[in-house]
Every structure is written in C-alpha cells, then in structure tokens.
Amino acid sequence: MKGERTIIAAAITTAVQLTSTAAFAASGERISVLRAGSQPSTAGAPETFTGAVRVTSRFKGTDPGRIGGGIVSFDPGARTAWHSHPLGQTLFVTTGIGLVQHWSGDIQEIKPGDFVWIPPGVKHWHGAAPGVGMSHLAFSEALDGKAVDWMEHVTDDQYAN
Ligand code: MN
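Residues numbered from 1 in each chain as written. Predicted model: local features only at pLDDT ≥ 70, side-chain atom pairs only at ≥ 80, totals over all residues. Heavy atoms only, no water.

Novice: Explanation requested: the overall build of the protein in the structure shown.
Specialist: When you go through the protein residue by residue, the secondary structure sums to 2 helices and 13 strands. In the protein, which comprises 161 residues, the share counted as buried stands at 28%. Here the contacts in the protein between residues at least 6 apart in sequence split such that 70% fall between residues at least 24 apart. Looking at the protein as shown, the accessible area adds up to about 10,000 Å², and 59% of this sits on carbon and sulfur atoms. (Helix = DSSP H or I, 4+ residues; strand = E, 2+ residues; numbered from the N terminus. Buried < 20%, exposed > 50% of the residue type's maximum accessible area, 1.4 Å probe, protein only. Contact = heavy atoms within 4.5 Å. Areas by Shrake-Rupley, 256 points an atom, 1.4 Å probe, with all protein chains shown as cover.)

Novice: Teacher, can you tell me more about the nonpolar core here?
Specialist: The nonpolar side chains of a soluble globular protein tend to be buried, and buried together. In this structure, Val 53, Val 72, Phe 74, Leu 91, Ile 110, Val 116 and Met 134 are the most contacted members of the largest nonpolar core, which totals 15 residues. Sorting the residues of this core by element identifies strand E3 (53-60), strand E4 (67-74), strand E7 (89-96), strand E10 (115-118) and strand E12 (134-141) as the ones contributing at least two each. Each residue touching Val 72, except ones within four places of it in the same chain, is listed here: Val 53, Arg 54, Val 55, Met 134, Ser 135, His 136 and Ala 138. Listed in part, the 5 residues of the second largest apolar core include Trp 82, Leu 99, Trp 125 and Tyr 159. (Core = buried A, V, L, I, M, F, W, Y, C linked by side-chain atoms within 4.5 Å.)

Novice: Would you mind showing me how to read the pattern of salt bridges here?
Specialist: Pairing between side chains of opposite charge can happen when the charged atoms of each approach one another. Using the criterion set out here, one finds 5 salt bridges in the structure. With a shortest N-O distance of 4.0 Å, Arg 66 and Glu 141 are connected by a salt bridge. Taken together, the residues span a long stretch of sequence, with Arg 66 in the loop between E3 and E4 and Glu 141 in strand E12 at a distance of 75 residues. For Arg 66, a relative accessible area of 43% puts it in the partly exposed group. Where Glu 152 meets Lys 123, a salt bridge forms, and the shortest distance between an N and an O atom there is 2.9 Å. In this pair, Glu 152 is assigned in the loop between strand E13 (149-150) and helix H2 (156-160) and Lys 123 in the loop between E10 and strand E11 (124-128), connecting sequence segments 29 residues apart. (Salt bridge = Lys/Arg side-chain N within 4 Å of Asp/Glu carboxyl O.)

Novice: Just to check I follow, could you spell out the environment of Val 55 for this structure?
Specialist: Among the structural elements, Val 55 can be located in strand E3. Residue classification places Val 55 among the buried residues on the basis of a relative accessible area of 10%. Spatially, the C-alpha atom of Val 55 lies 5.2 Å from that of Thr 42, the residues being 13 residues apart in sequence. Not counting chain neighbours up to four residues away, the residues in contact with Val 55 comprise Pro 40, Ser 41, Thr 42, Ile 71 and Val 72.

Printed below as a string of structure tokens:
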C-alpha cells in the first residue's frame, strides 16, 4: 500500500516535470528576476521634469508583452511636465504626499497605498507636494514602442493652483 502511494507520487511528480518542460520549450523564456539595485538610477531630464526626480528599477516587458515602468521619486515641489500616455498609465504611491492633475481638472492629493489610473490620451502631470517628497511605481503599456508623449512644463502658477 505504501509502495503504491510512492509510485503514484513519483508518477505525478514526473507528469508535473514534463508539463513544466513542455511549457518552457514552448515559450523559450525563463522567469527573470531584476534584482534590487542592479539597475543604475537615472535623473529625470530637465526637458520633461521640474525639480529633482530620480527613476530607479526601470523595467520593460518582452514582446508580445508591452508593459514597462519603474519607481519614480520626486523631491518636494518636483513634478513631471504635462504629458499623456497612448494606452494609459497606472501609478501606485509608495511614500510621501503627491499631487496629480488632468488638464482643466482640479489638483488631487495622492498618498501611500493609493492607485491612480490615467486613461489613454489624457493630458496630465504628477509629482510631489510642495513640502514633502513622493515616490510612486509607474506602469504603462507601449503603443508602437511608445509609452509617453511629452508636452510643456507645469508652470509654478499651475502647480500652486
Ligand atoms: Mn503620467
């Protein structure tokens, strides 16, 4: 009886291994882990950001997946320029206090744990509150290899209102 169970267990294990091998052979891809700190952080370009901004853990999915993103950290008062995303964007606030606004809309405060969905093509900006920095995870899908369309800077007047 015990021997029978052992044989059945071994058969199940073999079946699972064969299935896994077949799945690997079909995709040709292995799971990859992008280790924390393995990517150099980059400064937000002055053409597309105001104030000190750092992007870390930047990642990009592999075809046919088109998700990409990273962790964006804004110093107090720092923000993106106005921009839009062809397939939209999801933000998840991890630290601090942030602000987000769509064109002609009110500025909304965002805090750790908040998810923000920016629909495709909506002109908007996001950044830190005046006196407190903010970090968020940002994810967006690329359309024809492009995930963002940059526009003009957010002026101090726009930021203060
Ligand atoms: Mn955005």
